[in-house]
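In case you want the letters, here they are:
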Amino acid sequence: MSDVVQLTGRQRKHLRGLAHGFEPLVHVGSAGVSDAILRAVDGALTAHELIKVRLHQPADKHADADALATGTGAALCGLVGHVVILYRPHPEKPTIKLDT
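The rules behind each value
- Within any chain, residue numbers begin from 1 and follow the written order of that chain's sequence.
- The model is predicted, so local features are restricted to residues of pLDDT at least 70 and side-chain atom pairs to those at 80 or more, both for listing and for counting; the totals for chains, interfaces and linings are taken over all residues.
- Where side-chain values are given, they derive from all heavy atoms of the structure, hydrogens and water being excluded.
- Every helix listed is a DSSP run of H or I at least four residues long, and every strand listed is a run of E at least two residues long, numbered separately from the N terminus.
- Each residue's exposure class comes from its accessible area (1.4 Å probe, protein chains only) as a fraction of the maximum for that residue type: buried when under 20%, exposed when over 50%, partly exposed otherwise.
- Arc definition: directions from the helix axis to the C-beta atoms.
- Working rule for contacts: check all heavy atoms of both residues, and any pair within 4.5 Å makes them a contact.
- Like-charged residues are merged into a patch within 9 Å and nonpolar side chains (Val, Leu, Ile, Met, Phe, Trp, Tyr) within 5 Å, provided each residue has over 30% relative accessible area and no salt bridge.
- Using a 1.4 Å probe, accessible areas were evaluated by the Shrake-Rupley method; residue-level cover was limited to the displayed protein chains.
- Here, a salt bridge means any Lys or Arg side-chain nitrogen found within 4 Å of an Asp or Glu carboxyl oxygen.
- The charge count includes Lys and Arg as positive and Asp and Glu as negative, but it does not include His or the ends of the chains.
- For the purpose of locating charges, the reference atoms are NZ of Lys, CZ of Arg, CG of Asp and CD of Glu.
- Paired strands are those between which DSSP finds at least two bridges.

(A) A look at the environment of P91. Mapping P91 onto the fold places it in the segment after strand 4 (83–87). For P91, a relative accessible area of 69% corresponds to the exposed category. Each C-alpha atom of the pair P91 and T72 lies 13 Å from the other, and the pair is 19 residues apart in sequence.

Structure follows, in structure tokens:
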């Protein structure tokens, strides 16, 4: 995947606020993070840039969140309960503007 986006704390907080009203687009079951899950998350990030992923019965939610972010080249914006918030700007037409 591409380079992982580096975000400041302020940018992560802004993105968490934007994602507040979102519903999770991808659900990770008891099988954990698989290639199929990474493809689904990758497609959702390309389409939406900012998404939520629900972890059901995670053995280690922090490791799963890191695996999702690393496997898709996304920035981990937050982990609230069992919900992971990921951000990756669209490669050609980003719609979410971040302060630098």
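Anyway, onward from the coordinates.
(B) Focus on the environment of H20. One can find H20 in the loop between helix 1 (9–19) and strand 1 (26–28). Taking the relative accessible area as the measure of exposure, H20 reaches 64% and is therefore exposed. The sequence separation of H20 and A44 amounts to 24 residues, and the corresponding C-alpha distance is 17 Å.

(C) Up close: helix 1. Buried residues of helix 1: Q11, L15 and A19, and no others. Projected down its long axis, helix 1 carries its buried residues within an arc of 75°, all on one side. Exposed positions of helix 1 whose direction lies more than 90 degrees from the buried face are R10 and K13. Structurally, helix 1 contributes buried residues whose contacts are with strand 2 (50–55), strand 3 (75–80) and strand 4.

(D) Seen up close, a positive patch on the surface. Where like charges cluster on the molecular surface, the positive patch consists of R10, R12, K13 and R16. Tracing the chain through its elements places R10 in helix 1. For R10, a relative accessible area of 70% puts it in the exposed group.

(E) A look at the pairing of strand 4. Counted residue by residue, strand 4 has five buried out of five residues, so it is predominantly covered. Both faces of strand 4 are covered, namely the face carrying V83, I85 and Y87 and the face carrying V84 and L86. Sheet analysis places strand 2 next to strand 4, joined by five bridges and oriented antiparallel. When the bridges of strand 4 are listed, K52 appears paired with I85. Here five bridges tie strand 3 to strand 4, and the two strands are oriented antiparallel to one another. Note that in strand 4 the partner of L76 across the bridge is L86. The antiparallel hairpin formed by strand 3 and strand 4 contains two residues in its connecting segment, where G81 sits at a positive phi of about 65°.

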